[in-house]
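# Topology and contacts: notes
Next come the chains, spelled out residue by residue.
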Amino acid sequence: MKSGGAPRRLEGLAFVAPFLLLYGVVLIWPLLMGIGISFHRADLFGAREWIGLGNYATALADPVVHQAIGNTLLLALLIVPPLTALALLLALALNRATRGAAVFRGIFFSSSVLSVTIVTLIWRFILTPDAGLLAVAADALGREPLPFLSDQALVIPAIAITTIWWSLGFPIMLFLAGLQQVPADVYEAAALDRAGRWTTFRHITLPAIRRTLLLVVMLQTVGQLQLFGQAQLLTGGGPGGGSRTIVLAIFEVAFGRWELGYATALAEILFAMILVVTLLQYWLVTRREDAG
Amino acid sequence: MASLALKDVHKSYGDTLVLDRVSLEVAARELIAFLGPSGSGKSTLLRIIAGLETADGGEVWLEGRRIDALPPGDRGVAMVFQHYALYPHMTVRENMAFGLRNAGVPKPEIDARIAQAAHVLEIEAQLEKKPGQMSGGQRQRVAIGRAIVKQPKLFLLDEPLSNLDAALRTRTRVELAQLRQRVDAALIMVTHDQAEAMTLADRMVVLNERRIQQVGTPMDIYARPANAFVARFVGSPAMTLAPATVMPGNDRFARVRLAGGAEVMTRVPRNGLVDGAPVSLGLRPEHVSLAPAEAATLQAEVILVERLGDRTFVYACLADGLEMIAQDIGSSAVRVGDRVGLRIDGDAAHLFEADGTGRHADAAT
Ligand SMILES: Nc1ncnc2c1ncn2[C@@H]1O[C@H](COP(=O)(O)OP(=O)(O)OP(=O)(O)O)[C@@H](O)[C@H]1O
Ligand SMILES: [Mg+2]
């Protein structure tokens, strides 16, 4: 066999080089620069002063940051599991070749096409206590309308529901693609093996879409830990910071208070959080795969 | 008592009728092969028996119990799928245990059955492997094993050997033949391959055009095909059907005249055949031989020579354009383009009436 080790590798490198370069310039370099800036007291106008871990120390003691981290984790927890479960259920229901299923697939995917601005407009319409859809419904039932967007206890669930509605389409598509990988005759074999609905799901479907499940959970976690638009546009982080997320806090620090150094430090903390959570998820799933 | 009985089963997909009033009885421990061209409804019939497809009408009985309304798992049948349909995430052992567990078979019993089946199929060493780590032949055995451990009353196999290479197919065929001695159940297999059907089956069911064309032992179907379709479909190379007319006469047996003028005396009883009626003269290659001009019935030109080693098939074209296949010895010297004489063995010839109905040489005499 002809072996062209080194030249072949160079050839391969030449093909990926343009992308690597772009990747380096717009992603890796800013990331490293960000880490550098986070060790400074810096503003948007170029003033820099080295303060070491000062920004990180401030963040650890900052009650606003604590609240934002709490809100963000709570939101992720309220969004990712129900969103995943709901998307899987809908995908299971829509995984058939009928015309009706195709129509519903389109409907569920359509919300994902909307921009966050439209989504928040729609949900503001539904949620506002004075004339919103829910308020009208509550009125008709003779109940007091709930102040979804101005009550500390209700605002997080309200944002979570908005986000679930908005984000449902893509995971459904991923699950449908995963489900279509399972050959029909395997289900037929299961039917002949007296497997009921639950047994079939548990022992045939679930193992087959395990990778897709992991992908959906990881993508959603990464996405929802960076939740920003809905909070900013629905509530502006209020009331009393009750819906301020980490990215919203970063935004306020950077573009409200012009404290670039502190903002990048917060961004690095978020980056680390995301890394830890997703790696943990990956490890949890793949570890069980190796064992079983 | 019949093991399986189908009564007037019919099925359509939308406007297309796929099975038209199919009835069949399968005896206990019998091995039946469904043979037919692609699209003739073999798989559909098998799946109706398994409960994976519902018939539009008709009844399915298994050992005295009507099963057509039962879910697949409750019918007492096991199926081996063409592409095996093993559960990819389970080990071989789990694959075999799955159905038994769902049926509530006690654990020690499950283990015993799996051990037994694994021993018979020689897959003991693979029990902890997953299907993805196995070869096609091994997966095939696992699929068979998964069916055996259920101890069904009826095995259904859809083209079980079609995914194996030629050598493995022959070996597995022998193993299937041995296997059926060990199991106390009837067995139905679908196949495209008539050699497979002829060697394995007690009886063959030839399907075409939505209907059962003929049911019979392999020899029966080969020697006395019920109609022109079966005659052409079973046997390789296919039987030649030469247009002919019945000659008037008072003999016990029919004499026919071929379109080219040659006359052939058959041993097909005359009665029932109308003088001058158009028929087809059916000739298997082994009943047409090469002969010197003076002993020949017909003259023809060789257009193709197929050498199989032990014998040679000679495809010859008659003056009127009809193609006829003759069989010659393995060392035959004929070549394409040669002019040869063909001798027809009228004693073995078949006649097919205009509607296709077959008539055969009188076996009694
Ligand atoms: N789900 C379906 N929807 C519509 N038509 C179908 C369906 N399944 C089978 N058919 C039709 O029914 C007829 C019989 O199909 P079937 O699969 O039983 O044939 P087969 O004899 O098994 O063929 P093959 O030898 O190619 O496997 C075919 O004409 C096929 O097109
Ligand atoms: Mg088929």
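Residues numbered from 1 in each chain as written. Chains lettered and ligands numbered in written order. Predicted model: local features only at pLDDT ≥ 70, side-chain atom pairs only at ≥ 80, totals over all residues. Heavy atoms only, no water.

## Quick notes on the overall build of chain B
Tallying secondary structure elements over chain B gives eight helices and 21 strands in all. Along the longest, intermediate and shortest principal axes, the C-alpha atoms of chain B span 75 × 45 × 40 Å. Counting the 365 residues in chain B, one finds 50% classified as buried. Of the contacts made within chain B by residues no fewer than 6 positions apart, 64% connect residues no fewer than 24 positions apart. (Helix = DSSP H or I, 4+ residues; strand = E, 2+ residues; numbered from the N terminus. Buried < 20%, exposed > 50% of the residue type's maximum accessible area, 1.4 Å probe, protein only. Contact = heavy atoms within 4.5 Å.)

## As for the sheet that holds strand β12 (residues 253-258) of chain B
By definition, the strands of a sheet pair up through backbone hydrogen bonds, in either a parallel or an antiparallel sense. Residues and elements named next belong to chain B. Taken in spatial order, the six strands make up an open sheet running β13-β12-β11-β14-β20-β21, and their pairing is antiparallel. Edge positions in the sheet fall to β13 (263-269) and β21 (358-359), since each of these pairs with one other strand and no more. With three bridges joining them, strand β11 (residues 240-246) and β12 adopt antiparallel strand pairing. Across the sheet, Val-246 pairs through a bridge with Val-256, a residue of β12. (Pairing = 2+ DSSP bridges.)

## What to know about the environment of B:Ala55
Residue and element names in this part refer to chain B. Relative to the assigned elements, Ala-55 resides in the loop between α1 (42-50) and β4 (57-62). In the structure, Ala-55 is positioned 98 residues away from Lys-153 in sequence and 21 Å away in space, judged by C-alpha atoms. Setting aside chain neighbours within four positions, we find Ala-55 in contact with Val-9, His-10, Lys-11 and Ile-48.

## Structural notes on the interface of chain B and chain A
Many analyses report the size of an interface as the accessible area lost when the parts associate. Facing 23 residues of chain B, the contacting portion of chain A comprises 16 residues. Summed over both sides, the interface between chain B and chain A buries roughly 1700 Å², with carbon and sulfur atoms accounting for 59% of that surface. At the boundary of chain B and chain A, one finds three salt bridges. Note that B:Asp74 is salt-bridged to A:Arg194, the shortest N-O span being 2.9 Å. One can count 12 residue pairs in polar contact (both at pLDDT 80 or more) joining chain B with chain A. (Buried area = accessible area lost by both parts, 1.4 Å probe. Salt bridge = Lys/Arg side-chain N within 4 Å of Asp/Glu carboxyl O. Polar contact = N/O pair within 3.5 Å; in protein donor to acceptor, adjacent residues only side chain to side chain.)

## Some details on the layout of surface pockets
Residues and elements named next belong to chain A. Estimated volume of the second largest pocket: approximately 640 Å³. The wall of the second largest pocket is formed by 21 residues, among which Arg-96, Tyr-187, Arg-197, Thr-200 and Thr-205 lie closest to the centre. Elements represented by at least two residues in the lining of the second largest pocket include exactly α9 (184-192) and α10 (197-208). Residue composition of the lining of the second largest pocket, grouped by class: 12 nonpolar, five polar and four charged. (1 Å grid on protein atoms, 1.4 Å probe; cavity = no way out; pocket = protein on both sides within 12 Å on 5 of 7 lines; lining within 4 Å. Points joined across faces, edges and corners; volume = space filled by probe spheres on them. Nonpolar A, V, L, I, M, F, W, Y, C, P; charged D, E, K, R; others polar.)

## Some words on the domain arrangement of chain B
All names here are of chain B. Domain assignment breaks chain B into domain 1 (2-233) and domain 2 (240-360). Each of domain 1 and domain 2 was reduced to a C-alpha centroid, and the two centroids are 39 Å apart. Taking both partners together, domain 1 and domain 2 bury about 810 Å²; carbon and sulfur atoms supply 53% of that area. Across the contact surface, domain 1 and domain 2 share zero salt bridges. One can count five residue pairs in polar contact (both at pLDDT 80 or more) joining domain 1 with domain 2. Counting only elements with at least two residues in the side of domain 1 that touches domain 2, the list comes to α7 (218-223) and α8 (228-233). Within the side of domain 1 that touches domain 2, the residues separate by chemical class into seven nonpolar, one polar and two charged. (Domains from an automatic or database assignment.)

## Some words on the UniProt feature "transmembrane region" (unreviewed entry) in chain A
Residue and element names in this part refer to chain A. Cross-referencing UniProt, the feature "transmembrane region" (unreviewed entry) maps to residues 12-32, 73-94, 106-126, 154-177, 212-229 and 260-285 in the present numbering. The straight-line gap between the two end C-alpha atoms of residues 212-229 is 26 Å; of that span, 78% is helix and 0% is strand. Secondary structure across residues 260-285 divides into 100% helix and 0% strand, with the first and last C-alpha atoms of the span separated by 38 Å. (UniProt positions renumbered as here; feature names shortened; annotations may be inferred.)

## Regarding the pattern of salt bridges
One pass over the full model with this rule turns up 25 salt bridges over all chains. Close ionic contact of B:Arg29 with B:Asp184 constitutes a salt bridge, the shortest N to O distance being 3.9 Å. Placement of the pair is B:Arg29 in the loop between β2 (16-27) and β3 (31-35) and B:Asp184 in the loop between α5 (166-182) and β8 (186-191), with a sequence separation of 155 residues. The partly exposed category is assigned to B:Arg29, whose relative accessible area is 38%. In this structure B:Asp184 comes out as exposed when scored by relative accessible area, which is 63%. Linking B:Glu59 and B:Arg66 is a salt bridge whose minimum nitrogen-to-oxygen distance equals 3.7 Å. Assessed through its relative accessible area of 26%, B:Glu59 is described here as partly exposed. Salt bridges linked by common partners bring A:Glu188, B:Arg47 and B:Glu53 together as one network.

## Topic: the UniProt feature "domain: ABC transporter" (unreviewed entry) in chain B
Per the UniProt record, "domain: ABC transporter" (unreviewed entry) is found at residues 4-234 of chain B. The straight-line gap between the two end C-alpha atoms of residues 4-234 of chain B is 25 Å; of that span, 36% is helix and 27% is strand.

## Considering the nonpolar core
Nonpolar side chains in soluble globular proteins tend to end up buried together. Counting 44 residues, the largest nonpolar core has B:Phe155 and B:Met204 as the members making the most contacts within it. Setting aside chain neighbours within four positions, we find B:Phe155 in contact with B:Ala78, B:Ala147, B:Ile148, B:Val183, B:Ala185, B:Ala186, B:Leu187 and B:Ile188. In terms of nonpolar packing, the next biggest core, distinct from the first, is built from 40 residues, A:Val186, B:Ile32, B:Val60 and B:Leu156 among them. (Core = buried A, V, L, I, M, F, W, Y, C linked by side-chain atoms within 4.5 Å.)

## Considerations on the site of ligand 1
Residues and elements named next belong to chain B. Around ligand 1, the neighbouring residues are Tyr-13, Val-18, Pro-37, Ser-38, Gly-39, Ser-40, Gly-41, Lys-42, Ser-43, Thr-44, Glu-159 and His-192. Thr-44 has a polar side-chain atom sitting 2.4 Å from an oxygen atom of ligand 1. His-192 places a polar side-chain atom, nitrogen or oxygen, 3.0 Å from an oxygen atom of ligand 1. Protein contacts shield 57% of the accessible area of ligand 1, which totals 640 Å² for the unbound molecule. Among the elements that make up the shell around ligand 1, the one with the highest residue count is α1 (three residues). Its residues assigned to classes, the shell around ligand 1 shows three nonpolar, seven polar and two charged. (Near = heavy atom within 4 Å. Areas by Shrake-Rupley, 256 points an atom, 1.4 Å probe, with all protein chains shown as cover.)

## Overview of the UniProt feature "domain: ABC transmembrane type-1" (unreviewed entry) in chain A
The feature "domain: ABC transmembrane type-1" (unreviewed entry), as annotated in UniProt, sits at residues 69-281 of chain A in this numbering. The span residues 69-281 of chain A carries 76% helix and 0% strand; its end-to-end C-alpha distance comes to 19 Å.

## Some thoughts on unusual backbone geometry
Residue and element names in this part refer to chain B. Backbone torsion omega between Ser-236 and Pro-237 reads -5°, so that peptide bond is classified as cis. Within the element layout of this structure, Pro-237 appears in the loop between α8 and β11. With phi around 45°, Arg-21 is a residue other than glycine that occupies positive phi space. Secondary-structure assignment places Arg-21 in strand β2.

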